[in-house]
Amino acid sequence: MAEWVGLVKTTAPKYLKGAEDETVRDRLYLAMLQKRGRILLNQSGEQIKWQVEAVQPPVTTHSDGGTIDFARTDAYQQASLPWRGYKAPDLMTSKEKEMNKGAEALIRRYDRIMPNLMDAIRDKIGTEMYIDGNAAGNEARFHGTESFMGTGTNVAADLIGEPSDTYAGLKTNLGEIETTWTSALTTKPNANVAKDWPDGEGVSGYDYWSPKLINWSSTGWTGTATFLSTAERCVRAANLWATMTGGKSGKPDVCLQSGNLYRDYLNAHTGRFRVLQEAPEMLELGFNGVKSEGVEITEEFGIAANTGYGVNFDKVTLHILGGSLFQSEGPTFSIERDSWLFLVKIFGNLCFKSPKGFYKLKDYA
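Rules used throughout
- Residues numbered from 1 in each chain as written.
- Predicted model: local features only at pLDDT ≥ 70, side-chain atom pairs only at ≥ 80, totals over all residues.
- Heavy atoms only, no water.
- Helix = DSSP H or I, 4+ residues; strand = E, 2+ residues; numbered from the N terminus.
- Buried < 20%, exposed > 50% of the residue type's maximum accessible area, 1.4 Å probe, protein only.
- Contact = heavy atoms within 4.5 Å.
- Areas by Shrake-Rupley, 256 points an atom, 1.4 Å probe, with all protein chains shown as cover.
- Polar contact = N/O pair within 3.5 Å; in protein donor to acceptor, adjacent residues only side chain to side chain.
- Pairing = 2+ DSSP bridges.
- Axes fitted to C-alpha atoms, helices over the stretch in contact; angles between N-to-C directions.
- Parallel < 35°, antiparallel > 145°, perpendicular 65-115°, else oblique.
- Phe/Tyr/Trp six-rings, centres within 6.5 Å; stacked < 30°, edge-to-face > 60°.
- Core = buried A, V, L, I, M, F, W, Y, C linked by side-chain atoms within 4.5 Å.
- Expected span 1.5 Å × (residues − 1).
- Arc of directions from axis to C-beta.
- Salt bridge = Lys/Arg side-chain N within 4 Å of Asp/Glu carboxyl O.

Visitor: Tell me what's going on with the overall build of the protein chain, and back it up with residues and numbers.
Guide: The secondary structure content of the protein chain amounts to 7 helices and 16 strands. Taking all 365 residues of the protein chain together, the buried fraction comes to 47%. Across the protein chain, contacts joining residues at least 24 apart in sequence account for 72% of those joining residues at least 6 apart. Carbon and sulfur atoms provide 51% of the accessible area of the protein chain, an area that totals close to 17800 Å².

Right, here's the structure in full:
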C-alpha cells in the first residue's frame, strides 16, 4: 500500500490520458469534436475572442457612365467568452489510510480515489455540452448549446420560435443590425416576427446571430401537437432552414435528441413502414443512429426531455487552457489537515462560431 503514493504521482498523467480518451469515446458530442479536430489544447489569453462577419458590402446595379459612390463597410462584430472551469476534489485522512490498508478493507479506497474523480468529471463534462452558461447559477459553467437558445414571443401555431438571447456579448434577436427581410407569406412561421423568415429572403445582417428554434408542438405542422406526428416534418424543416440561411457550410451534421423524442422519431417512420439508413459516421465512432436527408440522428444522455439539437460540428470548438483535457494534482500530503489531497480539473469553454448554424427542437407553445 505504501508504494502507491509514489506510483500514482508518476503514472497519473498516463492514466489521465487513457481516461480522457475514454471520456471522448463515450460521448458523441465530444467524439465528433475530436474526430474533426475541434478540441483545441494549450489555449491562452484573458478571454476567447473572435470576429464575426455580420453584414456584406452593398451590391447595386451598374449604370454605364454613372458615378460610383465609395464607402467603407463596417462588416464585423466581436464576440467574446470568459474561461470556465470544473474541479473534482477528494481527500483521505492519514488515520483512514492506515485503517484501510489491511485484509479487512473490502475496497482499497486510496487506490480508487483518482479513478473515481475521473469518472465523476467525465460524466459532468459530457452533459455540460448542452447547458446554458448564461443562466443564473451557471456563472462558472461552460457555455453549452443552450446558451443561445432563448426565446421571445411564441404561440401554438408558430412553426418556429422567436430568437431572443445574448451569446458571447451579441444579441441573437432578428434584425439587430439589418432589418430587411421579405413578408410575402400569408401565414408567417412566427406571428410576432411577422416576416417570412426563415423562408423568403433578406440581408445577411438580419439573422447573422440567430439560431432556428423549432416548435415541434405547433398545430401548423400536422394539426396534432405530438412529436410522433410532427417529427419528420419539423426535423426536415429545421435542416432545410439551417442550410438555406447559412449556405452549404451551414448544414447541420447531426440532430441529437432526448430519449423520448428519438423513440418517437423512429416510431414515426416505423408506422409508415419506412426503413431509415444507419448513420455511417456515428457507427464509425461506435454509436448507433439513423441518417435521413443527409443528417445523422440519434439520442444522447444529458439532453432535457422533449428537446433536440441540430449541431454543425465545423462551427464549434472546445478550447482548453491546459495541454490535456484534464489535469491532476496530488496525492499531496497536507500537514494542516493530516490528509492526502487529490484533485482533477479542467479549464476551458465551448465556442460556437455562430448560432446561425444550429437549431433546437422544443415544444415552445
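Okay, back to it.
Visitor: Talk me through the side chain of Ser-258; I want residue IDs and the actual numbers.
Guide: Assignment of secondary structure puts Ser-258 in the loop between strand S8 (254-257) and helix H6 (259-270). There is a polar contact of 2.7 Å between the side chain of Ser-258 and the side chain of Asn-260.

Visitor: Provide a residue-level description of the pairing of strand S14 (residues 327-334), including the pertinent values.
Guide: Each regular strand carries side chains that alternate between the two faces of the sheet. Two strands pair when backbone bridges link them, and S14 and strand S15 (residues 339-352) are joined in this way by 6 bridges, in the antiparallel orientation. In the sheet register, Ser-328 faces S15, and the bridge partner there is Val-344. From the end of S14 to the start of S15, which pair antiparallel, there are 4 residues, and Asp-338 there has a positive phi angle of about 50°.

Visitor: Before we move on, could you go through the packing of helix H5 (residues 227-246) against H6 and cite the residues and values that matter?
Guide: For the pair H5 and H6, the least separation of the axes is 8 Å and the interaxial angle reads 85°. Judged by the inter-axis angle, H5 sits roughly perpendicular to H6. Contact residues: H5 offers Phe-227, Leu-228, Ala-231, Glu-232 and Val-235, while H6 offers Leu-261, Asp-264, Tyr-265, Asn-267, Ala-268 and His-269.

Visitor: Break down the sheet that holds S8 for me, citing the residues and quoting the values.
Guide: Adjacent strands of a sheet form backbone hydrogen bonds with each other and so pair up, either parallel or antiparallel. Taken together, the 7 strands give an open sheet; going across it, the order is S7-S16-S12-S8-S11-S10-S9, and neighbouring strands pair in mixed fashion. Edge strands, defined here as strands with exactly one partner in the open sheet, are strand S7 (212-215) and strand S9 (277-278). With respect to the sheet, H6 is in contact with S8, strand S10 (290-292), strand S11 (295-299) and strand S12 (308-311), its orientation differing from that of S11 by roughly 125°.

Visitor: Run through the packing of aromatic side chains, naming residues and quoting values.
Guide: Aromatic ring pairs are reported here in terms of the distance separating the ring centres and the angle at which the planes meet. Considering all chains together, one arrives at 16 aromatic pairs under this definition. Geometrically, the ring pair formed by Trp-50 and Tyr-167 is tilted, given 6.4 Å between the ring centres and 55° between the ring planes. With Trp-50 in strand S2 (residues 48-53) and Tyr-167 in strand S5 (residues 166-167), the pair connects residues that are 117 residues apart, well separated along the chain. Overall, Trp-50 belongs to the buried group, its relative accessible area being 12%. Between Trp-216 and Phe-227, the aromatic rings sit 5.5 Å apart at their centres with planes inclined by 70°, giving edge-to-face as the arrangement. Placement of the pair is Trp-216 in the loop between S7 and H5 and Phe-227 in helix H5, with a sequence separation of 11 residues. Residue classification places Trp-216 among the buried positions, given a relative accessible area of 6%.

Visitor: So what's going on with the nonpolar core? Residues and values would help.
Guide: If you look at the biggest cluster of nonpolar residues, it comprises 59 residues, and the most contacted ones within it are Tyr-29, Trp-50, Ile-121, Ile-125, Trp-209 and Ile-346. If sequence neighbours within four positions are ignored, Ile-346 has contacts with Arg-84, Gly-85, Tyr-86, Ile-121, Ile-125, Phe-142, Ile-320, Leu-325 and Phe-326.

Visitor: Can you lay out H6 for me, pointing to particular residues and giving the numbers?
Guide: Taking 1.5 Å of rise per residue, the 12 residues of H6 would be expected to cover 16 Å, and the 16 Å separating its terminal C-alpha atoms lies within 8% of that figure. Of the positions making up H6, those classed as buried are Leu-261, Tyr-262, Tyr-265, Ala-268 and His-269. Angular distribution of buried residues about the axis of H6 spans 120°; they occupy a single face of the element. Facing away from the buried side of H6 by more than 90 degrees, the exposed set consists of Arg-263 and Thr-270. Its buried side turned inward, H6 meets H5, S8, S10, S11 and S12.

Visitor: Quick rundown of the pattern of salt bridges? Include the residues and the values.
Guide: Per the counting criterion, the structure on display carries 13 salt bridges. Its salt-bridge partner being Arg-122, residue Asp-119 comes within 2.9 Å of it at the nearest N-O pair. One end of the pair, Asp-119, and the other, Arg-122, are both in helix H4 (residues 109-127), 3 residues apart, so they sit about a helical turn from each other. Given the relative accessible area of 28%, Asp-119 is considered partly exposed. Judged by relative accessible area, which is 12%, Arg-122 ranks as buried. The structure contains a network of salt bridges with shared partners spanning Lys-35, Arg-36, Asp-253, Glu-281 and Asp-314.

Visitor: Explain unusual backbone geometry residue by residue, including any values.
Guide: Cis rather than trans, the peptide bond between Trp-197 and Pro-198 has omega equal to 5°. Residue placement: Pro-198 occurs in the loop between strand S6 (170-171) and S7. Going from Gly-330 to Pro-331, the amide bond is cis rather than trans, its omega being 10°. With respect to the helices, strands and loops of the structure, Pro-331 is situated in strand S14.

The values are spatial; any link to function lies outside them.
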